[in-house]
Amino acid sequence: MAKSIKIRAKEKGGVTTVKALMTHPMETGGRTDKKTGKKIPAHFIQEVVCKHKGSTVMMAEWSGGVSKNPYISFKFSGGTKGDELELTWTDNTGGSDSMTSAIK
Amino acid sequence: MSTEMKRRIFLKRSLAAGTVGVAAAAGILAPQQILAAWNKEAFESKELSGALNALLGSSETAESADIKVKAPDIAENGAVVPVTVETAMEGVESIAIIASNNPVPLVANFVMGPGAAGFVSTRIKMGKTGDVVGVVKAGGKLHSAKKEVKVTIGGCGG
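These lines cover the structure that appears in this document, whether it is placed above or below. (Residues numbered from 1 in each chain as written. Chains lettered and ligands numbered in written order. Predicted model: local features only at pLDDT ≥ 70, side-chain atom pairs only at ≥ 80, totals over all residues. Heavy atoms only, no water.)

## A closer look at the overall build of chain B
Reasoning step 1: Within chain B, the secondary structure is distributed over 3 helices and 9 strands.
Reasoning step 2: Secondary structure of chain B in N-to-C order comes out as α-α-α-β-β-β-β-β-β-β-β-β.
Reasoning step 3: A burial count over chain B gives 42% of its 158 residues as buried.
Reasoning step 4: In the structure as shown, chain B presents an accessible area of about 8100 Å², 57% of it carried by carbon and sulfur atoms. (Helix = DSSP H or I, 4+ residues; strand = E, 2+ residues; numbered from the N terminus. Buried < 20%, exposed > 50% of the residue type's maximum accessible area, 1.4 Å probe, protein only. Areas by Shrake-Rupley, 256 points an atom, 1.4 Å probe, with all protein chains shown as cover.)

## Thoughts on the environment of T80(A)
All names here are of chain A.
Reasoning step 1: Relative to the helices and strands, T80 is located in the loop between β5 (71-77) and β6 (84-91).
Reasoning step 2: We classify T80 as partly exposed; its relative accessible area is 42%.
Reasoning step 3: With 22 residues separating them in the primary sequence, T80 and A102 have C-alpha atoms 9.4 Å apart.
Reasoning step 4: Once you skip the residues sitting within four places of it in the chain, T80 turns out to touch E11 and I103. (Contact = heavy atoms within 4.5 Å.)

## Let's talk about the sheet that holds β5(A)
Reasoning step 1: Taken in spatial order, the 6 strands of this open sheet run β1(A)-β2(A)-β5(A)-β7(B)-β4(B)-β2(B), and their pairing is antiparallel. Edge positions in the open sheet fall to β1 (5-12) of chain A together with β2 (67-70) of chain B, since each of these has one partner strand only. This sheet shows a mean twist of 10 degrees between the axes of neighbouring strands, independent of strand direction.
Reasoning step 2: As paired strands, β2(B) and strand β4 (residues 81-87) of chain B are joined by 4 bridges and run antiparallel to one another. (Pairing = 2+ DSSP bridges. Axes fitted to C-alpha atoms, helices over the stretch in contact; angles between N-to-C directions.)

## Details of the interface of chain B and chain A
Many authors give the size of an interface as the accessible area that is lost as the parts come together.
Reasoning step 1: Residue-level contacts link 39 residues of chain B with 37 residues of chain A.
Reasoning step 2: Counting the surface lost from both chain B and chain A, the interface buries some 2900 Å², and carbon and sulfur atoms represent 53% of this.
Reasoning step 3: Taken together, the links from chain B to chain A amount to 0 salt bridges.
Reasoning step 4: For the pair chain B and chain A, the number of links is 16 residue pairs in polar contact (both at pLDDT 80 or more).
Reasoning step 5: With 8 residues, strand β7 (residues 116-124) of chain B is the largest single contributor of residues to the side of chain B that touches chain A.
Reasoning step 6: Class assignment for the residues of the side of chain B that touches chain A results in 27 nonpolar, 9 polar and 3 charged.
Reasoning step 7: As judged from the 4 bridges shared by β5(A) and β7(B), these two strands associate in the antiparallel manner. (Buried area = accessible area lost by both parts, 1.4 Å probe. Salt bridge = Lys/Arg side-chain N within 4 Å of Asp/Glu carboxyl O. Polar contact = N/O pair within 3.5 Å; in protein donor to acceptor, adjacent residues only side chain to side chain. Nonpolar A, V, L, I, M, F, W, Y, C, P; charged D, E, K, R; others polar.)

## Quick notes on the packing of aromatic side chains
Reasoning step 1: On inspection of all chains with the given rule, the structure shows 2 aromatic pairs over all chains.
Reasoning step 2: Ring geometry for W62(A) and F110(B): centres 6.5 Å apart, planes at 75 degrees, overall edge-to-face. With one member in each of two chains, W62(A) in strand β4 (residues 55-62) and F110(B) in strand β6 (residues 106-112) form a pair that bridges those chains. As far as the burial class goes, W62(A) and F110(B) line up, both buried. (Phe/Tyr/Trp six-rings, centres within 6.5 Å; stacked < 30°, edge-to-face > 60°.)

Given below as structure tokens:
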């Protein structure tokens, strides 16, 4: 699960825009498998944390209502070019992944 | 279309009946240490007011013209509905995105750090036509704005 995150961050005029894509099935737990008639167990990202220089700039909590292979974008001020950004997600089965990227 | 509708209703009922079991199973499976912060009550609430109460401590929101909820008028595919919530307010603490007619209305809550601007964009699933509500917590108060999205094919059932 090493490459489940793509992250791009760009600084312009003091404001850093972060865009991130994660690869995840985002199963709500409400769907039924058409072949077996059984419920597909819930498997979705519950928490996404984005850190800049060790301090959290954005923390998201999700339900299964976020689309498969989630995309997020947000902005913050205080970042400068070359700074490291770290994005981590954790899902409801305890799986997680993180990725660091430099602000461009 | 009519069989489709019936199927949806059936699915909904079976979903409601199965909820207790699913919730119990989730409780056993979830590693509590890691997910201590995740607001289970809010994200499993079937009622919008219950979800807001559990998440933000209040369900009273004031409609505000300072918040822009950007979403398509018609979403052909309910599984992927791009939503952007933007506000120029100062001191934004959190932004919640709600699809009011979804089985679980609360879709996402973004807690913004000190330097973060009032802007989030993501893609959500919508079961059927309904309002997408953006709830912004700023200065200890809740503000909201909404936009109706018509969904041609729902994205919550199977």
